[in-house]
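Overview (structure and organization)
Here is how the chains run, residue by residue.
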Amino acid sequence: MSRTTPATRALDKAGVAYTLATYDYDPGAERVGLQAAEALGVAPGEVLKTLMVKADGKPACVVLASDREVSMKRLAAVLGAKSAEMMKPADAERLTGYRVGGVSAFGQKRSVPTVIDADAAALPSAFVNAGQRGLQARLAPADLVRALGAIVAAIS
């Protein structure tokens, strides 16, 4: 497994301190973030999942704890939209350049607004996808907010 991805290059360029961890990705897992947490031996709230959504048809990226669900109503309000919905996996892959299960908020092909759940942003450190299935970067969520210019809001 390559440990250099568009996400790790973006992290390096932004000057974000992080460490990498790998795990055996299970493509059959019902919830990838929960499987990653179990494989890494950490609480599910310490592994953040990256979701791609559409708000009034416009793409956005959402980051929240793997054991939480995003409130589309709250998310739409934060983005100034009337509605929000999950992006189709094929559209997410085309937009980000990553495969589902390996989508990172960093190093996407196209820059889109990013919203991080307030509870996740408050953590001292957490794992985020590093741009490849089975590759996670442990970092301070505050660095994620700073590097991406992310919006912090209660969306779960």
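Preceding this section is the structure that the text describes.
Throughout what follows, the structure given in this document is the object of discussion. Within every chain, residues take consecutive numbers counted from 1 along the sequence as written. Predicted model: local features are reported for residues with pLDDT of at least 70 only, side-chain atom pairs are reported and counted for 80 or more only, and whole-chain, interface and lining totals are derived from all residues. As a convention, hydrogens and water are excluded, and side-chain values are obtained from all of the structure's heavy atoms.

A separate point is the pattern of salt bridges. Between Lys or Arg on one side and Asp or Glu on the other, a salt bridge is scored when a side-chain nitrogen of the former is within 4 Å of a carboxyl oxygen of the latter. Under the counting rule described, the total for this entry stands at 8 salt bridges. Where Arg 31 meets Glu 69, a salt bridge forms, and the shortest distance between an N and an O atom there is 3.1 Å. Of this pair, Arg 31 sits in the loop between β1 (19-22) and α2 (32-40) while Glu 69 sits in the loop between β3 (58-65) and α3 (72-78); the two residues are 38 residues apart in sequence, bridging distant segments of the chain. For Arg 31, a relative accessible area of 33% puts it in the partly exposed group. Take Glu 69: its relative accessible area is 53%, and that puts it in the exposed class. Between Glu 46 and Arg 138 there is a salt bridge; the shortest N-O distance is 3.1 Å. Taken together, the residues Glu 46 in the loop between α2 and β2 (48-55) and Arg 138 in strand β7 (residues 135-139) connect sequence positions 92 residues apart. Bridged by salt links that share partners, the residues Arg 31, Lys 49 and Glu 69 form one connected network. Numbering of helices and strands runs from the N terminus; a helix is a DSSP stretch of H or I covering at least four residues, while a strand is a stretch of E covering at least two. Burial status follows relative accessibility: with a 1.4 Å probe on protein chains alone, a residue under 20% of its type maximum counts as buried, one over 50% as exposed, and anything between as partly exposed.

Before going further, it helps to examine helix α1 (residues 6-14). At 3.6 residues per turn, the α-helix brings residues three or four places apart onto the same side. Residues of α1 that are buried include every one of Ala 7, Thr 8 and Leu 11, and no others. All buried residues of α1 fall inside an arc of 95 degrees around its axis, so they share one side. Contact between two residues is taken to exist if any of their heavy atoms lie within 4.5 Å; hydrogens are not considered. Packing partners of the buried residues in α1 comprise β1, β6 (126-132) and β7. Positive phi shows up at Gly 15, right after α1, with a value of about 75 degrees. Directions from the helix axis toward the C-beta atoms define the arc.

The next point concerns the side chain of Thr 96. Along the chain, the position of Thr 96 falls in helix α4 (residues 89-96). Thr 96 gets classed as buried once you look at its relative accessible area, which sits at 1%.

Before going further, it helps to spend a moment on the sheet that holds β6. In short, DSSP must find at least two bridges between two strands for them to pair. Spatially, β1-β7-β6 is the arrangement adopted by the 3 strands of the open sheet, whose pairing is antiparallel. Of all the strands in the sheet, the pair left with one neighbour each is β1 and β6. Strand-to-strand twist of the sheet, defined as the mean angle between neighbouring strand axes without regard to direction, takes the value 35 degrees. Relative to β7, β6 runs antiparallel, the two being bridged by 5 bridges. Directly across from Gln 132, in β7, lies its bridge partner Leu 135. Taken strand by strand, α1 contacts β1, β6 and β7, and its axis lies near 125 degrees from that of β6. Where helices are involved, their axes are fitted lines through C-alpha atoms of the stretch in contact, as for all axes, and angles between N-to-C directions lie from 0 to 180°.

So yeah, pure geometry; function would need other evidence.
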